[in-house]
Amino acid sequence: MAPTSFAPNSLLVRRRIATYFTGGAAGIPDLVGTLTQQGRMIHELSVDVRDGVRESSLACALLLPDEETDHLLDRLRELPAVVSAELA
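Here the structure is a predicted model, which is why all the values come from computation and not from measurement. In this numbering scheme, every chain counts its residues from 1 along its sequence in written order. Side-chain atom pairs in this predicted model are given and counted only at pLDDT of 80 or more, local residue features only at pLDDT of at least 70, and totals for whole chains, interfaces and linings cover all residues. Think of the side-chain values as coming from all heavy atoms in the structure, minus any hydrogens and water.

Some thoughts on the nonpolar core
And then number 1: Throughout, nonpolar core names a set of buried Ala, Val, Leu, Ile, Met, Phe, Trp, Tyr and Cys residues whose side chains join them through atoms within 4.5 Å. Think of it in three bands: with a 1.4 Å probe and only protein chains considered, a residue is buried below 20% of the maximum accessible area for its type, exposed above 50%, and partly exposed in between. Judged by nonpolar contacts, the single largest core of 14 residues is most densely connected at I17, L31, L35, L62 and L76.
And then number 2: The helix and strand labels rest on DSSP assignments: H or I over at least four residues marks a helix, E over at least two residues marks a strand, and numbering proceeds from the N terminus. Of all the secondary-structure elements, those providing two or more residues to this core are β1 (12–21), α1 (28–35), β3 (56–65), α2 (66–78) and β4 (82–87).
And then number 3: By definition in these notes, contact holds between two residues if any of their heavy atoms fall within 4.5 Å. When neighbours within four sequence positions are excluded, L62 is seen to be in contact with V13, R14, R15, I17, L35, R40, M41, I42, H43 and L72.

Details of the side chain of T69
And then number 1: Tracing the backbone through its elements, the reader meets T69 in helix α2.
And then number 2: Using a relative accessible area of 4% as the deciding quantity, one classes T69 as buried.
And then number 3: Setting aside chain neighbours within four positions, we find T69 in contact with R15, L64 and L87.

Describing the pairing of β1
And then number 1: Strand pairing follows a simple DSSP-based rule, namely that at least 2 bridges must link the two strands. When β1 meets β3, the two strands line up antiparallel, connected through 10 bridges. Of the residues in β3, the one forming a bridge with Y20 is S57.
And then number 2: Direction of pairing for β1 relative to β4: antiparallel, over a ladder of 5 bridges. Its bridge partner being in β4, A18 is matched across the sheet by E86.

Some details on α1
And then number 1: Within the span of α1, buried status applies to L31, T34 and L35. Along α1, the residues classed as buried sweep out an arc of 100 degrees about the axis, all on the same side.
And then number 2: The secondary structure elements touched by the buried residues of α1 are β1, β2 (42–48), β3, α2 and β4. The arc in question is the one spanned by the directions pointing from the helix axis to the C-beta atoms.

A short note on the environment of A61
And then number 1: The topology assignment puts A61 in strand β3.
And then number 2: Taking relative accessible area as the criterion, A61 reaches 0% and is therefore assigned buried.
And then number 3: Between the alpha carbons of A61 and A18 there is a distance of 8.9 Å; along the sequence they are 43 residues apart.
And then number 4: Discounting residues that sit within four places of it in the chain, A61 has contacts with R14, R15, R16, M41, I42, H43 and E44.

Structure (structure tokens):
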């Protein structure tokens, strides 16, 4: 199992994360890299990239401790291509 920086007693909660980003498929690696930091596994990944549409979307589920959720959303929002990141 991959190491994490979470405290051993942290309760993991299933969170659905939705991000909207520009740049099409080129932005996906940065998003997935940020989501999988600290050994997180992505569940139920869905990506919607369409020609002629300014923004694409990526939604997934992650197991996170409550205290990590806001921090992860903030890190996603700092990525240059990300327009928004929120709980879905």
